[in-house]
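Architecture at a glance
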Amino acid sequence: MDLIQDLNWRYATKSYSNKKISKEKLDFILEATNLSASSVGLQPYRIFAIDNAGLKTKLGANSFNKQIAQSSHLLVFATYNKVTTQHVRDLVNLTAEKQGVTVESLNELFTAANTYFTGRSDEENKLWAERQTYIALGTALIAAANAKVDATPMEGFDAQLFDELLGLKEKDLHSVVILSLGYRDEINDYLANLPKVRISVGEMVTKIS
Ligand SMILES: Cc1cc2nc3c(=O)[nH]c(=O)nc-3n(C[C@H](O)[C@H](O)[C@H](O)COP(=O)(O)O)c2cc1C
């Protein structure tokens, strides 16, 4: 039930105070985000956690979202441009290590996953990977609310500028969505005390028994 309170408390913050979030809270949000589910378990994205005022200002230059520069920290969710055999190989190696089994015993998993990804176009894999990235965004939003850290998910940013300034192209990544973190400026944020706008659970959900 506490989670429902947290989710009612959170909102897409429009204006931040200059209070910084602690390293502990940031690490909590990042650890929770890393625990996100992803299809095949591939985690085909990386997160950049930016706590550099100059860089945040540059990143926010072309955007109507002043939260980019104003936030305490900015998380950039960047997705891989392609899913490669190496990604699958890395997952199999990690699984073997974490589960204490041999890589050879996971050959079937490797072949199935590799066949799945290589049988699709790069574009299909990219769209698939972006969908996984949004699941991580959702986890980060929930974790932030649970830590009583304000957050704003944003698609309103100059992705080309982000990719350039963060050197994402060289890493075969592209920025997809961002999340600012910080503390609401209750006085200047017109959204701070407004009720949530959601359809009813009954309208959202069809229960079938
Ligand atoms: C993927 C995504 C992109 C969004 N982009 C922006 C944005 O660029 N700027 C902004 O102020 N809010 C943005 N929002 C926030 C939504 O407008 C907000 O979540 C929605 O109105 C529901 O309100 P609430 O989050 O305050 O409950 C975005 C939300 C999501 C999930």
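Residues numbered from 1 in each chain as written. Predicted model: local features only at pLDDT ≥ 70, side-chain atom pairs only at ≥ 80, totals over all residues. Heavy atoms only, no water.

**A word on the site of the ligand**
Around the ligand, the structure places 14 residues, and the nearest of them are Arg 10, Ala 12, Lys 14, Lys 196 and Arg 198. Between the ligand and Ala 12, the relevant distance is 2.8 Å, taken from an oxygen atom to a main-chain nitrogen or oxygen of the residue. Between the ligand and Lys 196, the relevant distance is 2.5 Å, taken from an oxygen atom to a side-chain nitrogen or oxygen of the residue. Residue composition of the shell around the ligand, grouped by class: six nonpolar, three polar and five charged. (Near = heavy atom within 4 Å. Polar contact = N/O pair within 3.5 Å; in protein donor to acceptor, adjacent residues only side chain to side chain. Nonpolar A, V, L, I, M, F, W, Y, C, P; charged D, E, K, R; others polar.)

**Quick look at a nonpolar patch on the surface**
A contiguous nonpolar patch, built from Ile 199, Val 201, Met 204 and Val 205 and spanning about 400 Å² of accessible area, is present on the exposed surface. Positionally, Val 201 belongs in helix α9 (residues 201-204). Taking the relative accessible area as the measure of exposure, Val 201 reaches 63% and is therefore exposed. (Patch = residues over 30% accessible without salt bridge, like charges linked within 9 Å, V, L, I, M, F, W, Y side chains within 5 Å. Areas by Shrake-Rupley, 256 points an atom, 1.4 Å probe, with all protein chains shown as cover. Salt bridge = Lys/Arg side-chain N within 4 Å of Asp/Glu carboxyl O. Helix = DSSP H or I, 4+ residues; strand = E, 2+ residues; numbered from the N terminus. Buried < 20%, exposed > 50% of the residue type's maximum accessible area, 1.4 Å probe, protein only.)

**Examining the sheet that holds strand β2 (residues 73-80)**
Pairing in this open sheet of four strands is antiparallel, and the strands run β1-β2-β4-β3 from one edge to the other. Both edges of this open sheet fall to β1 (45-50) and β3 (150-154), since each of them pairs with a single strand only. Neighbouring strand axes in the sheet, compared pairwise and without regard to direction, differ in orientation by 20° on average. As paired strands, β3 and strand β4 (residues 173-182) are joined by five bridges and run antiparallel to one another. Its bridge partner lying in β4, Ala 151 is registered against Leu 181. Its contacts with the sheet put helix α7 (residues 122-146) on β1, β2, β3 and β4, and the angle it makes with β4 is roughly 10°. (Pairing = 2+ DSSP bridges. Axes fitted to C-alpha atoms, helices over the stretch in contact; angles between N-to-C directions. Contact = heavy atoms within 4.5 Å.)

**As for the pattern of salt bridges**
Using the criterion set out here, one finds four salt bridges in the structure. Note that Asp 27 is salt-bridged to Lys 23, the shortest N-O span being 2.5 Å. Highlighted residues: Asp 27 and Lys 23, both in helix α2 (residues 23-34), separated by four residues, approximately one helical turn. Judged by relative accessible area, Asp 27 falls into the partly exposed class, the value being 31%. Note on Lys 23: relative accessible area 56%, which makes it exposed. Between Asp 150 and Arg 184 there is a salt bridge, and its shortest N-O distance comes to 2.8 Å. Separated by 34 residues along the polypeptide, Asp 150 in strand β3 and Arg 184 in the loop between β4 and α9 bring together distant segments of the chain. You can call Arg 184 buried: its relative accessible area is 14%.

**A closer look at the environment of Asp 185**
Within the secondary structure, Asp 185 is located in the loop between β4 and α9. Separated by 166 residues in the primary sequence, Asp 185 and Lys 19 place their C-alpha atoms 9.4 Å from one another. Setting aside residues no more than four positions away along its own chain, Asp 185 makes contact with Ser 15, Tyr 16 and Ser 17.

**Considerations on the UniProt feature "domain: Nitroreductase" (unreviewed entry) in the protein chain**
Cross-referencing UniProt, the feature "domain: Nitroreductase" (unreviewed entry) maps to residues 8-183 in the present numbering. In this annotation, residues 8-183 is assigned 48% helix and 16% strand; the end-to-end C-alpha distance for the span is 16 Å. (UniProt positions renumbered as here; feature names shortened; annotations may be inferred.)

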